[in-house]
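One-letter residues, chain by chain:
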Amino acid sequence: IPHIASMAGDSEAHLRDRGENNNNVRQPFLIGVSGGTASGKSSVCEKIMELLGQNKIDHHQRQVAILSQDSFYRELTPEQKAKALKGQFNFDHPDAFDNELIMKTLRQILQGETVQIPLYDFVTHSRKEEFVTVYPADVVLFEGILMFYSQEIRDLFQMKLFVDTDPDTRLSRRVLRDISERGRDLEQVLTQYITFVKPAFEEFCLPTKKYADVIIPRGADNLVAINLIVQHIQDILNGGLSKRHNGCMNGHSTPRQRRTSESSSRPH
């Protein structure tokens, strides 16, 4: 795919201009990515980042940033933490997330600010002391199981993707991940899945699929869908950078000049 092959080289030239345009702040393009547990949301985001040639660029200079709803779990009370350690706390319920902090963070991002993202420790079920710094970007991907549940949050996204993966595949991935990365035993993982994860998916996550602009079956394996999304993002980046550059040069924004090889009516 020629467009994608040229991205890594092109993006470096674009990025050199970023520091000179601070006075001409443009709102980033927010993309929400939802789907069930272990559906491949993170993998889809990482694949998009990779195909845009952004994964090898310094964090300060990236045009595309990825955030996860998992970073925004609420601080648990001692009673809730005791339940969580026994696998008896519902982390898949909307109330488990700090939506106020998500909204505050998204508003800061839309204002072009640098934000501090909390880190959540799934072994101890608590927020870590340190934070992750996310610098202003042109495109921000925000992934999570309930990204489209709150209308207030949902309405901030200009594009909404839903990663749709077979439930058996998701369960097998979840089992392997929780045992290897989060120190759980098989019985606890399965009990938690049947008690909380599956019912919450059916009640809270799956109904939000109707809000998606694009549904991606098979997750990161669906390169056709991901390449289409990547091309759309690339058009946004190129168009925005062209407008921003013209705005700097001429004092006002001018429409992007399309190359003769491009159709003026190309669908997105």
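Residues numbered from 1 in each chain as written. Predicted model: local features only at pLDDT ≥ 70, side-chain atom pairs only at ≥ 80, totals over all residues. Heavy atoms only, no water.

Naming follows an unreviewed UniProt entry, where the protein chain appears as Uridine-cytidine kinase of Myripristis murdjan. We quote the UniProt Sequence similarities (unreviewed entry) comment for the protein chain here in full: "Belongs to the uridine kinase family." (UniProt positions renumbered as here; feature names shortened; annotations may be inferred.)

A.B. asks: Would you mind going over the sheet that holds strand E1 (residues 29-35) with me for this structure?
C.D. replies: Note on sheets: strands pair through backbone hydrogen bonds, and any given pair is parallel or antiparallel. Read across the open sheet, the five strands follow the order E2-E5-E1-E6-E7; overall the sheet is parallel. Unpaired on one side and paired on the other, strand E2 (64-68) and strand E7 (214-217) mark the two borders of the sheet. Ignoring strand direction, the axes of neighbouring strands in this sheet form an average angle of 20 degrees. In this sheet, strand E5 (residues 139-143) lies alongside E1 in parallel orientation, the contact comprising five bridges. Looking across to E5, one finds that Val33 is bridged to Glu143. (Pairing = 2+ DSSP bridges. Helix = DSSP H or I, 4+ residues; strand = E, 2+ residues; numbered from the N terminus. Axes fitted to C-alpha atoms, helices over the stretch in contact; angles between N-to-C directions.)

A.B. asks: How should I be thinking about the nonpolar core in this particular structure?
C.D. replies: Counting residues in each nonpolar core, the largest one holds 23 residues, and the members touching the most others are Ile31, Ile48, Leu161 and Ile233. If you list the elements that add at least two residues to this core, you get E1, helix H3 (41-51), E5, strand E6 (159-164) and helix H9 (223-250). In terms of residue count, H9 provides more of this core than any other element does, seven residues in total. Discounting residues that sit within four places of it in the chain, Ile48 has contacts with Leu141, Leu161, Ile226, Ile229, Val230 and Ile233. (Core = buried A, V, L, I, M, F, W, Y, C linked by side-chain atoms within 4.5 Å. Buried < 20%, exposed > 50% of the residue type's maximum accessible area, 1.4 Å probe, protein only. Contact = heavy atoms within 4.5 Å.)

A.B. asks: Help me out: how do you make sense of the pairing of E1 in this one?
C.D. replies: Looking down a regular strand, the side chains alternate between one sheet face and the other. Burial within E1 is extensive, with seven of its seven residues counted as buried. Residue alternation in E1 divides its side chains into two sets, Phe29, Ile31, Val33 and Gly35 and Leu30, Gly32 and Ser34, and both sets are buried.

A.B. asks: Hey, could you run me through the pattern of salt bridges in this one?
C.D. replies: Considering all chains together, one arrives at ten salt bridges under this definition. In this structure, the salt-bridge partner of Lys209 is Asp164, at a minimum N-O distance of 2.8 Å. Taken together, the residues span a long stretch of sequence, with Lys209 in the loop between helix H8 (186-205) and E7 and Asp164 in strand E6 at a distance of 45 residues. Owing to a relative accessible area of 24%, Lys209 belongs among the partly exposed residues under this scheme. A relative accessible area of 27% means that Asp164 is categorised as partly exposed. Each member of the salt-bridge network shares a partner with another, and the members are Arg74, Asp98, Glu100 and Arg127. (Salt bridge = Lys/Arg side-chain N within 4 Å of Asp/Glu carboxyl O.)

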